[in-house]
Amino acid sequence: MGLSDIENRLERLVSGAFGRLSRKGIQPSEIGKKLTREMELQKRIGVKGSIVPNIYLVALSIDDFEGLKDITTALHSELLNLVQENARTKHYKFVGFPKVTVESDNTLQRGVFAVETSFKEDTEYLGHLYIELPNGLRIPITREVVTIGRMPGSTVVIDDSRVSRRHLELKMTTDSLLSVKDLGSTNGTRINGRKIVQGILDEGDQLDIGGITIRVGRN
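Residues numbered from 1 in each chain as written. Predicted model: local features only at pLDDT ≥ 70, side-chain atom pairs only at ≥ 80, totals over all residues. Heavy atoms only, no water.

Caption draft 1: Expanded view of the sheet that holds strand β11 (residues 178-182). One open sheet holds the 5 strands; their spatial order is β9-β8-β10-β11-β14, and the pairing between them is mixed. Of all strands in the sheet, those with a lone pairing partner are β9 (156-157) and β14 (198-201), marking the two edges. Bridge count for β11 against β14 is 4 bridges, and the pairing is antiparallel. Bridging from a neighbouring strand, Val180 pairs with Gly199 of β14. (Pairing = 2+ DSSP bridges. Helix = DSSP H or I, 4+ residues; strand = E, 2+ residues; numbered from the N terminus.)

Caption draft 2: Representation of the sheet that holds strand β15 (residues 206-209) within the structure. Strand order in the open sheet made by the 6 strands is β7-β6-β16-β15-β12-β13, with antiparallel pairing throughout. Edge positions in the sheet fall to β7 (138-140) and β13 (194-196), since each has one partner strand and no second. Geometrically, the sheet is characterised by an average inter-axis angle of 30° between neighbouring strands, direction not taken into account. (Axes fitted to C-alpha atoms, helices over the stretch in contact; angles between N-to-C directions.)

Caption draft 3: Summary view of the pattern of salt bridges. According to the stated counting rule, one finds 8 salt bridges in the structure shown. One salt bridge connects Glu38 with Lys34, and the closest N-O pair in it is separated by 3.3 Å. Separated by 4 residues within a single helix, Glu38 and Lys34 lie in helix α2 (residues 28-41), roughly one turn from each other. Judged by its relative accessible area of 12%, Glu38 is buried. Close ionic contact of Glu40 with Lys43 constitutes a salt bridge, the shortest N to O distance being 3.5 Å. Members of the salt-bridge network, linked through shared partners, are Glu40, Lys43 and Lys90. (Salt bridge = Lys/Arg side-chain N within 4 Å of Asp/Glu carboxyl O. Buried < 20%, exposed > 50% of the residue type's maximum accessible area, 1.4 Å probe, protein only.)

Right under this line is the structure:
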């Protein structure tokens, strides 16, 4: 998977939503280009290489923002994927968990958007566990519970009929271990091929739900 693959998915995703609003609309490729451009402009030289912002805010007009209601989760995921992949291919480092947020701004006209970036350091970031989805998107594991399922509002929404609406949850234990708990899913959850109700995950483990495999890694 490369940047062009992500940009193509982003183009199809956002074009479908904004195409219903106006002919002018938002150009999805421009959002991606603006994110990576701001990453380059704000890049700093650190002791161990180049450091780039980990917080990205995309501001849209109220009309354009309203048109995103049906694809908000997917859009956030694809934009975050774009930021992560660009940093990975250029060997840039983050000072904390990367995050992309899309918000409305009543000062912007339809078809116009803005991007703001910032550095938010997190001393727990280096060496932290993450889960990697089949499309390459990495979700960092923090103290917050990560929910996975088909239900909108889940931390990770998976559009697969074999995945239950509330399939499983991941969370850090008091001993800093990553625990997984199946939430009574129809087709079950497997760790490295073994069906479980609950268990502990570590770097290199594979989590199988429905028809997808989620890999556990460490930065």
